[in-house]
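What follows is each chain in one-letter form.
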Amino acid sequence: MVRRPYGAETHKVILESGKQILHYRLVDKIGEGGMGVVWKAVDTTLDREVAVKVLPEAVAHDEERLARFEREAKLLASLNHPNIAAVYGLHESDGVRFLAMELVPGEDLTARLARGPLPVEESARIALQVAEALEGAHENGVIHRDLKPANIRVTADGKVKVLDFGLAKAFEAAAPGSQDASLSPTLTSMGTRAGMILGTAAYMSPEQASGQPVDKRCDVWSFGVVLYEMLAGRRLFEGETVSHTLADVLRTTIDWNVLSQDVPLALRRLLRRCLDRETHRRLRDIGEARVALSDVLSGAQDEDAASTAPVAGPASGGSRRLPWLLAAVAGVVAVASLVVALMPQRTPEPQVGRFVLHSPYSGSQRQGDGRLLAISPDGRRVVSVGAGGTDDLLYVRDLDDFEARPIAGTNSARLPFFAPSGDWLGFVTTEGFWKANLGGGPPVEIGTFAAFPIAATWAPDGFIYFASSGELWKIPSAGGASERVVAEDNAPGRIRDPAALPGGRALLLSVGASTRQPGRLLALTLADGEFKELGLQGTDPRYLSTGHLLYVNGEQLYVVGFDPKRLEPTGSPVPVLPRALVETGTMQGDVGADGTVVYLPKRAGESRRLVLVDREGQAQPVVSGTLPFPDSNDPRFSPDGRKLVISVGSGPLWVIDIESETPTMISESAFYPVWSEDSTMLIYGSVRGRSFDLYRRRIDLSDDEEILLDRENNLRAGDWALGGPLVYREEIPGKGMDLFVWPDLADESTIRPLLDGPDDELSPAVSRDGRWLAYVSSQSGRDEIYVTTFPEPGGRVQVSVAGGTSPCWAPDGKTLYYFERENFVAAHVVTEPGFRVVKRETLFSGNYTQYRWQRQYDVHPDGKRFAMVENPPGGDMEVIVNWFAEVRRLAVD
C-alpha cells in the first residue's frame, strides 16, 4: 500500500451514507469509539455486506503507528477461525485509511447483559465459543488484549464471533473516549513494555493495569471477567471513573457469593483459576477453559459434588437422647485410646506410591544436553526444561497443582539444579550461570564460564561446582568469577557429573566416560584436592539421605550403601528404577531429600528415527532397520544427493551411501557436519581438549582427521557455501553465540565476524547461489528467522512471524523452510529487486526434533524430500513418593 502523509491531502473527505470509497459503498454508521468509526457497507466487487472501520486521525497522522497497525492487521488477516470475525483488508483512499472486516449480524454481549444475568447453560455456550476463538488466536501468536462484551457478538442462532483481535495493540495510543469503564477504549500504550497500560479498564488484567509485560494470560483474565459478568448479571469491577476501576482491578476482593447456587462447582473453580491476580497461578492456557466448559455442557459430573453434598435424614424422637449417647461413646473412646497409648507402638513403613505427571517436556531436545529435570529438596516442586519444540523456558510444577508454569526470564536455560535450601534454582544459559527465586522476582546473574558446563551442583559451602571440557570449576553462588578447581592434566580422567555430599567437604564425580568405555566413580575431598576411587564403574552419582549412592551404569540405575565420612561404598549394588530414562550416562530425573523421585520414563523399543518425509508429510525410513542408527542427529545430504551424514547418540559420525545402505564411520565423536561442494569432504565440530574445535576429513578415509581451527571458545560448523566460504558459530563467554565467516581455509587471518550482535545468532544457512544468509536471532525477545545479504551482511528481513527456528533453503533459492513449533513452514520468497516474503504455507506438522542452535533436518537436492529426525512419543513424567522405603528394602548392606 502506498502511504501518503495527511498533510498532502487537498481536501477533507466527508463520510456519509451512500459515499463510495474504493469499491465499498457506505450504508449506515453502526458504531463509534476510540478505535474509530464503524460503517455498514457493501463490497460492490463481491456483492457482500462488510463492516468498514475508519481509523481515527490519531493513528492516520502518525506514520510509525500506522506502520505498526499495518503489520498487526496483516497478522490478523491470517487468522481463520469460525468464532473470529475476519479481516478482509487494510485500504487507503483519498487520505482515508480503513479496515474492511466481516459484518457479523446479531447483537453484542453488552446488549444481552443489559437484560440481566444469563442462564448457566447459555453462559457456558457463549464462553465455550469465546474460549475456542482465543485458543485459535493464541496458537497463531495473536493476543486479543481487549476482550470485553462489546467485542463479543452473538447471532440469533447463538453463534459467537469475537471482534477486534489484537487491534488494541495495533491502535495503541488511541485517545480515551467515554468514562464508561466497560466501553473505555484502549488505554495508552507502547504494547507490552513495562510502565505502560494497554486494554479496557473494567476487563483488563492486573498486569495490564499496573503497566507490566503481558502474555496470553491477560486474555484468560478478561475471559474470566466476562464469564463472571454473564453468570452474576453485574460487572465485576465498576468504579466511578476509569482510575477508580483500575484500582479495583488491582486490589478489590472478588465477591463470589454473588453467583447463584445454580452455578456448578466446575464453573466456580474455572472462574477462580482465571481470576487469580498472580499470573503464575492463573490458568495458563485458555484451551483448559475450553475443556472445562465442554465438560459442563456435556453433563460431566464434578467428582467432588457428591462428597460435598449435604446428607439429610428424617428427625426422630430418639434425638432427645443424643447428648447422653454421645457422652457414653466419648467415654468408651477415651478408655480405648488409653489402652492403645499404653501398648508398644510400631511405626508403619510409609507406603510407596507411583503416578504419572504430565510434563511440558516434549522430547525434542537432543541428547547430551544434560539433566532436564530437577526436584526441590523437600520434594514439593519439579522443574523441567522446555515446553515443546524449541521453547526452552524452564517450567516449575508444584506436585499439589494441576499444571506447570513458566519461569520468566529463563529463555534457553539448561541444567536446572536447586540450592540446598530449596528456595533458589540455578540454571545455565550461553551467557553464564543464573539463579531464580521461585518465590518471585527476575533471575539474577551469577557469573560467566569459559566453556559451557555439562553438569552442575550447588554445594553447602556456597559454591556451585560444575564440569566443563573435562575439568572441574566452581563459582560463588552469591555471584563472582568462575575458578578452575581441577585442571584436566591433574585429573585421573575427563571429569563430569559433580554432586555435593552433605557438609560440603567432598564431591562425588565420574571420570573417563566415553562412547567406548564406562566411567569410574570417585570422591574428591575439597580441602586437599585428593581423589579417592570408589571401585565402581558408572556415571552420574548422587548421594541419598538414606545413606546410599545412586548412579548410572550402562542404561541401568543402581543403588549401593555408602559411608559419606569414610567415602566408601558398603554392600553390593542392586538395580533400581528400571523404567527411568538414561541418556548419554545421565539419569533424566532427580531425587528429593524426602524420598520423592521424578524421571522421564524409557520408551520401550523406541528411539529417535531417521525418516524421509515428502511435502505432504508422509514419512518412511531413510534406510532399512538393519542399520544400527537409533537416536540419529544432524542429517545432511551430500550435494550430489547420493550420501547422507549423521551423528548418532553421543557423537559417532557416519556417512551412509543411500543406494547401497553402506555406512562408513568418519569420527568417533563429532557433531554438526557440513559437506564440501564436491561431496568428498566433511567439516565438523568435535571436543578433544578443553573446547569444541573444527575438524575435517575426507569421506573415503584416505587421510586422518585434521584439526582445522582451534580456539579457546567452543566452535560449531554452521554452513559451507557451495564454492564459497565457511560459516561457523563461536560461543563467546558472557555474551552468547556469534557467527563468523572464513573465506580462505588455508589462511586464518581471513576469518572475520559475520554477525556479532548482542543476541544469539544461530543456525546459519547460506542460499545455494551464495547471495543470502538465513539465521535465527532472539532480538525480538523470541527466536525468529531473519535473512540478510551474504557474504557481506546488510539489512535484515524477518521471515517468520510467530516464532521460528531451523531455516533451510530450497535448492532453487525460491523457498526458505523452517519450523514454527510443530509446523513445518515453507516461506516463498523473491529476491529481485530486493528480498521479500510473498507467501507462507504450512506443509505438514509432526513431532520432529528441533534444536535451537542448529537445524536437525535437511532438504534433498531434488527439492522434494526432507531427511528428518522423528521423536518417539513423550510428554509425561513418572513420580514415586516414599521411594526411600523401597531403597531400604532392596539395598541391604
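Counting starts from 1 at the beginning of each chain's written sequence and moves along it residue by residue. Local features in this predicted model are restricted to residues whose pLDDT is 70 or higher, and side-chain atom pairs enter the listing and the counts only when it is 80 or higher, whereas totals over whole chains, interfaces and linings include all residues. To get the side-chain values, take all heavy atoms of the structure and skip hydrogens and water.

Draft legend 1. Quick peek at the overall build of the chain. If you tally the helices and strands in the chain, you get 13 helices and 59 strands. Buried residues in the chain amount to 53% of all 893 residues. Partitioning the contacts of the chain with sequence separation of at least 6, the portion at a separation of at least 24 is 49%. Accessible surface area values rest on a Shrake-Rupley calculation with a 1.4 Å probe, where residue burial reflects the displayed protein chains alone. About 38500 Å² of surface is accessible on the chain, with carbon and sulfur atoms providing 51% of the total. A run of DSSP states H or I qualifies as a helix once it reaches four residues; a run of E qualifies as a strand once it reaches two. Both are numbered from the N-terminal end. Relative accessibility thresholds used throughout: buried, under 20% of the residue-type maximum; exposed, over 50%; partly exposed, between the two (1.4 Å probe, protein chains only). Contact between two residues is taken to exist if any of their heavy atoms lie within 4.5 Å; hydrogens are not considered.

Draft legend 2. How the structure looks around the sheet that holds strand β49 (residues 761–766). Across the sheet, four strands lie side by side as β49-β50-β51-β52; this open sheet has antiparallel pairing. Two strands close off the open sheet at either side, each with one partner strand: β49 and β52 (797–798). The rule for pairing is simple: two strands pair if DSSP sees at least two bridges between them. Relative to strand β51 (residues 784–789), strand β50 (residues 772–777) runs antiparallel, the two sharing six bridges. Considered in β51, the bridge of Ser 777 is made with Glu 784.

Draft legend 3. View of the side chain of Arg 697. Mapped onto the fold, Arg 697 is located in strand β43 (residues 692–698). Note on charges: Lys and Arg go in the positive column, Asp and Glu in the negative column, and His and the chain ends are not counted at all. A pairing counts as a salt bridge when a side-chain nitrogen of Lys or Arg comes within 4 Å of a carboxyl oxygen of Asp or Glu. Lacking a salt bridge, the buried Arg 697 has Asp 704 as its closest oppositely charged neighbour, with an N-O distance of 4.3 Å. Think of a polar contact as two N or O atoms within 3.5 Å of one another; within protein, one of them needs to be a possible hydrogen donor and the other a possible acceptor, and neighboring residues in sequence only count if both atoms come from side chains. For Arg 697, the side chain forms a polar contact with the main-chain oxygen of Asp 703, separated by 3.0 Å. For Arg 697, the residues in contact, after removing those within four places along its chain, are Ile 666, Thr 680, Met 681, Leu 682, Tyr 684, Asp 703, Asp 704 and Glu 705.

Draft legend 4. Region of interest: the pattern of salt bridges. This model, assessed by the stated rule, comprises 33 salt bridges. Among the ionic pairs, Glu 121 bridges to Arg 125, the shortest N-O distance being 3.3 Å. Of this pair, Glu 121 and Arg 125 are both found in helix α4 (residues 120–139), four residues apart, which corresponds to roughly one turn of the helix. Judged by relative accessible area, Arg 125 falls into the partly exposed class, the value being 41%. A salt bridge links Glu 886 to Arg 354, with the nearest nitrogen and oxygen atoms 2.9 Å apart. Pair noted here: Glu 886 is in helix α13 (residues 883–890) and Arg 354 is in strand β10 (residues 353–358), with a separation of 532 residues, a long-range link. Its relative accessible area of 15% is what places Glu 886 among the buried residues. Salt bridges sharing common partners tie together Arg 371, Asp 540, Arg 542 and Asp 590.

Draft legend 5. Examining the packing of α4 against helix α10 (residues 286–298) more closely. Two elements in contact, α4 and α10, have axes separated by 8 Å at closest approach and are oriented at 150°. Judged by the inter-axis angle, α4 sits roughly antiparallel to α10. Of the two elements, α4 crosses α10, and the hand of that crossing is left-handed. Between α4, through Glu 121, Ala 124, Arg 125, Ala 127, Leu 128, Ala 131, Glu 132, Leu 134, Glu 135 and His 138, and α10, the contact on the second element is made entirely by Ile 286, Gly 287, Arg 290, Leu 293, Ser 294 and Leu 297. When residues are sorted by character, Ala, Val, Leu, Ile, Met, Phe, Trp, Tyr, Cys and Pro go into the nonpolar class, Asp, Glu, Lys and Arg into the charged class, and all the rest, Gly among them, into the polar class. Of the residues contributing to the contact of α4 with α10, the split by class is eight nonpolar, three polar and five charged. Every axis corresponds to a line fitted to the C-alpha atoms, with the helix fit spanning only the stretch in contact, and the corresponding angles, defined between N-to-C directions, vary from 0 to 180 degrees. When describing relative orientation, an angle under 35 degrees is termed roughly parallel and one over 145 degrees roughly antiparallel, while 65 to 115 degrees is termed roughly perpendicular and anything else oblique. Should the near helix be turned anticlockwise from the far one by less than a right angle, the crossing is left-handed, and should it be turned clockwise, the crossing is right-handed.

Draft legend 6. View of the sheet that holds strand β12 (residues 381–385). Strand order across the open sheet formed by four strands is β11-β12-β13-β14, with antiparallel pairing between neighbours. Either end of the sheet is taken by a strand with one partner, and the two such strands are β11 (373–375) and β14 (405–406). Sheet topology note: the β11/β12 ladder contains three bridges and is antiparallel. From the neighbouring strand, Leu 373 faces β12, where its bridge partner is Ser 384.

Draft legend 7. Looking closely at helix α7 (residues 217–232). Working rule for helices: expected span equals 1.5 Å times residues minus one. Over its 16 residues, α7 extends 22 Å from the first C-alpha to the last, a length consistent with the 22 Å expected when each residue adds 1.5 Å. Where burial is concerned, most of α7 is hidden: 16 out of the 16 residues are buried. With its phi angle positive at about 75°, Gly 233 sits one or two positions after the end of α7.

Draft legend 8. Quick look at the confidence of the model for the chain. Of the residues in the chain, 80% have a pLDDT of 70 or more, and the chain-wide mean is 81. Within the chain, strand β25 (residues 520–525) carries the highest mean pLDDT (96), whereas helix α11 (residues 303–308) carries the lowest (39). The predictor's confidence in any single residue is recorded as pLDDT, a number from 0 to 100. Counted against residues more than four places away or in other chains, residues 1–11, with its pLDDT under 50, gives 23 contacts. Of the regions scoring below 50 in pLDDT, residues 170–199 engages in 93 contacts with residues more than four places distant in sequence or in other chains.

Draft legend 9. Fine view of the pairing of strand β56 (residues 836–845). With eight bridges joining them, strand β55 (residues 823–830) and β56 adopt antiparallel strand pairing. Of the residues in β56, the one forming a bridge with Ala 826 is Glu 841. Taking the residues between adjacent antiparallel strands as the criterion, β55 and β56 are bridged by five residues.

Draft legend 10. Layout of the environment of Arg 542. One can find Arg 542 in strand β27 (residues 539–544). With relative accessibility at 8%, the residue Arg 542 sits in the buried group. Excluding residues that lie within four positions of it along the chain, Arg 542 makes contacts with Arg 371, Ala 499, Leu 508, His 548, Leu 549, Leu 550, Met 587, Gly 589, Asp 590 and Val 591. Engagement of the side chain of Arg 542 in a polar contact is seen with the side chain of Asp 540, the distance being 2.7 Å. Of the polar contacts made by the side chain of Arg 542, one reaches the backbone oxygen of Gly 589; its length is 3.2 Å.

Draft legend 11. Broad picture of α4. Look at α4: 28 Å from first C-alpha to last across 20 residues, which is about the 28 Å you get at 1.5 Å a residue. Burial within α4 is extensive, with 14 of its 20 residues counted as buried. Phi for Gly 141, located one or two positions after α4, is positive at around 80°.

Draft legend 12. Examining the pairing of strand β18 (residues 444–447) more closely. With three bridges joining them, strand β17 (residues 432–437) and β18 adopt antiparallel strand pairing. The partner of Trp 434 across the bridge, within β18, is Glu 445. Counting the residues in the hairpin turn of β17 and β18 gives six residues, including Gly 440, whose phi is positive at 135°.

Draft legend 13. Main features of the nonpolar core. Of all hydrophobic cores here, the largest spans 58 residues; its most connected members are Phe 165 and Phe 223. For Phe 165, the contacting residues outside a window of four places in its chain are Leu 76, Leu 79, Ile 84, Ala 133, Leu 134, Ala 137, Val 142 and His 144. For this analysis, a nonpolar core means a set of buried residues of the types Ala, Val, Leu, Ile, Met, Phe, Trp, Tyr and Cys, connected via side-chain atoms within 4.5 Å. Grouped together as the second largest cluster of nonpolar side chains are 23 residues, Val 383, Val 385, Ile 407 and Val 879 included.

Draft legend 14. Structural context of unusual backbone geometry. The omega torsion of the bond from Phe 790 to Pro 791 falls at 5°, within 30 degrees of zero and hence cis. Mapped onto the elements of the fold, Pro 791 is located in the loop between β51 and β52. The amide bond that connects Glu 832 to the next residue, Pro 833, takes the cis arrangement and shows omega of 0°. By secondary structure assignment, the location of Pro 833 is in the loop between β55 and β56. Phi at Leu 22 is positive, roughly 55°, even though this residue is not glycine. When its relative accessible area of 40% is taken as the criterion, Leu 22 is described as partly exposed. Even without glycine at this site, Leu 577 takes up a positive phi of about 45°.

Draft legend 15. Representation of the environment of Leu 600 within the structure. Relative to the elements of secondary structure, Leu 600 occurs in the loop between β34 (597–599) and β35 (609–614). Residue class for Leu 600 comes out buried when judged on its relative accessible area of 2%.

Draft legend 16. Local environment of the packing of aromatic side chains. Pairing of aromatic rings covers Phe, Tyr and the six-membered ring of Trp, with a centre-to-centre limit of 6.5 Å; geometry is then stacked below 30 degrees between planes, edge-to-face above 60, and tilted otherwise. This model, assessed by the stated rule, comprises 26 aromatic pairs. Between Phe 433 and Phe 466, the aromatic rings sit 4.8 Å apart at their centres with planes inclined by 55°, giving tilted as the arrangement. Within this pair, whereas Phe 433 is found in strand β17, its partner Phe 466 is found in strand β20 (residues 463–468), the two being separated by 33 residues in sequence. Phe 433 gets classed as buried once you look at its relative accessible area, which sits at 0%. Taking the centre distance of 5.7 Å and the plane angle of 85° together, the rings of Phe 819 and Tyr 857 count as edge-to-face.

Draft legend 17. Quick look at the packing of α4 against α7. α7 packs onto α4 with a crossing angle of 165° between their chain directions and a minimal axis gap of 10 Å. Relative to α7, α4 is oriented roughly antiparallel. When the axes of α4 and α7 are compared, the crossing they make is right-handed. For the pair α4 and α7, contact is made by Val 120, Ser 123, Ile 126, Ala 127, Val 130, Ala 131, Leu 134 and His 138 and by Asp 219, Phe 223, Leu 227, Met 230 and Leu 231, respectively.

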